[in-house]
Amino acid sequence: MSTIRTVAIVGAGQMGAGIAQTVASGGYDVLLFDAAGDRVPQALGAIAASLARQVSRDLMDQSAADAALKRIRQAGSLAEAAKADLVIEAAVEDETTKKSIFLELTPLLGPSTLLASNTSSISITRLASATDRPERFIGLHFMKPAPVMKLVEIIRGIATSAETYETAVAFAESLGKTTTNAEDFPAFIVNRILVPMINEAIYTLYEGVGNVSSIDKALKLGANHPMGPLELADFMGLDVVLAIMNVLYEGLADSKYRPCPLLVKYVEAGWLGRKSGRGFYDYSGAEPVPTR
């Protein structure tokens, strides 16, 4: 199997930063790249704060946290990131954006470099087609927040080799993660089940069956969910929820996956959840307050 020592993360948003922390905590050297260069220092600050929280909760000792942070450095260019043994794309959930990254990245790669996408819904086969190595391309879908959540979905494209799959599983397990194999269908397993449930909760709000508080309380206490579906939508990002619903709706051609008009309206308004300060809850105060 391919030997992985250095991992590059392309995209320094919340997911990219979380994956970088997870990989560095697993003992790998990490190169973190973002086309918006100022996002990497911000991500490093978020990673340092996250590691400090883990230390304060006795989930990690200080020396391990310090070592993990030292393993992460900013890649000054995509060409520098391409020198890694494994490159994980963690850009926004948009197929055009992801393909453009792979088209730019591919000519810069060494012959043995593995490619992965952290996409939560988009076809691995289609993304791999934008590269020169579909047999060395795989989906590694980390859950959010990556340092805490135990699962990594492994998704093979139609051309992904057995060796690439075995290497990906071994890599994820070396990070202390549990893997599950998903076939290359829209949204894979977790989001194929989870996001339509969230969309249905938004329809329940849209139709006036319940308000934000009652819907979230019902699922937390009635189904023993740790987070209500509208609270979870805000945590994921409503733009991400909408993107996944659109992938399902377009990819499976079934009306049951039609995004709720209220979800569309919130995204159009820029009310994307926690990251924008407002979604189904308003996060401007000390405690989140329902907006409907």
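None of these values were measured; they are calculated from a predicted model. (Residues numbered from 1 in each chain as written. Predicted model: local features only at pLDDT ≥ 70, side-chain atom pairs only at ≥ 80, totals over all residues. Heavy atoms only, no water.)

**Considering the pairing of strand 6 (residues 137–142)**
And step 1. Most of strand 6 sits out of view: 6 of its 6 residues are buried.
And step 2. Because side chains alternate across strand 6, one face comprises the buried residues Phe137, Gly139 and His141, and the other comprises Ile138, Leu140 and Phe142, equally buried.
And step 3. Sheet topology note: the strand 5 (residues 114–117)/strand 6 ladder contains 3 bridges and is parallel. Counterpart to serine 117 in the pairing with strand 6 is glycine 139.
And step 4. Note: strand 6 against strand 7 (residues 151–156), 5 bridges, orientation antiparallel. Bridged to phenylalanine 142 within strand 7 is valine 152. (Buried < 20%, exposed > 50% of the residue type's maximum accessible area, 1.4 Å probe, protein only. Helix = DSSP H or I, 4+ residues; strand = E, 2+ residues; numbered from the N terminus. Pairing = 2+ DSSP bridges.)

**Description of the pattern of salt bridges**
And step 1. Scanning the entire structure with this criterion turns up 10 salt bridges.
And step 2. Among the ionic pairs, arginine 278 bridges to aspartate 282, the shortest N-O distance being 3.4 Å.
And step 3. Because the salt bridges share partners, they merge into one network encompassing Glu89, Glu93 and Lys98. (Salt bridge = Lys/Arg side-chain N within 4 Å of Asp/Glu carboxyl O.)

**As for the pairing of strand 4 (residues 86–89)**
And step 1. With burial as the criterion, each face of strand 4 is covered, one bearing Leu86 and Ile88 and the other bearing Val87 and Glu89.
And step 2. The sheet contact formed by strand 1 (residues 6–10) and strand 4 spans 4 bridges and is parallel. In the strand pairing of strand 4, alanine 8 is matched with valine 87.
And step 3. Bridge analysis of strand 4 against strand 5 gives 4 bridges, and the strand direction is parallel. Among the inter-strand pairings, leucine 86 is bridged to a residue of strand 5, identified as leucine 114.
And step 4. At this point the chain moves from strand 4, through helix 5 (residues 95–105), to the parallel strand 5, and the crossover so formed is right-handed. (Right-handed = clockwise from strand over helix to strand, strands pointing away.)

**Things to note about the UniProt feature "domain: 3-hydroxyacyl-CoA dehydrogenase NAD binding" (unreviewed entry) in the chain**
And step 1. Here the UniProt feature "domain: 3-hydroxyacyl-CoA dehydrogenase NAD binding" (unreviewed entry) sits at residues 6–184.
And step 2. Annotated as residues 6–184, this span is 40% helix and 21% strand, and its ends, taken at the C-alpha atoms, are 27 Å apart. (UniProt positions renumbered as here; feature names shortened; annotations may be inferred.)

**Structural notes on the environment of methionine 60**
And step 1. When you line up the elements, methionine 60 lands in the loop between helix 2 (39–56) and helix 3 (62–70).
And step 2. Residue methionine 60 is classed as buried on the basis of its relative accessible area of 16%.
And step 3. For methionine 60 and serine 25, which are 35 residues apart along the polypeptide, the C-alpha to C-alpha distance reads 9.6 Å.

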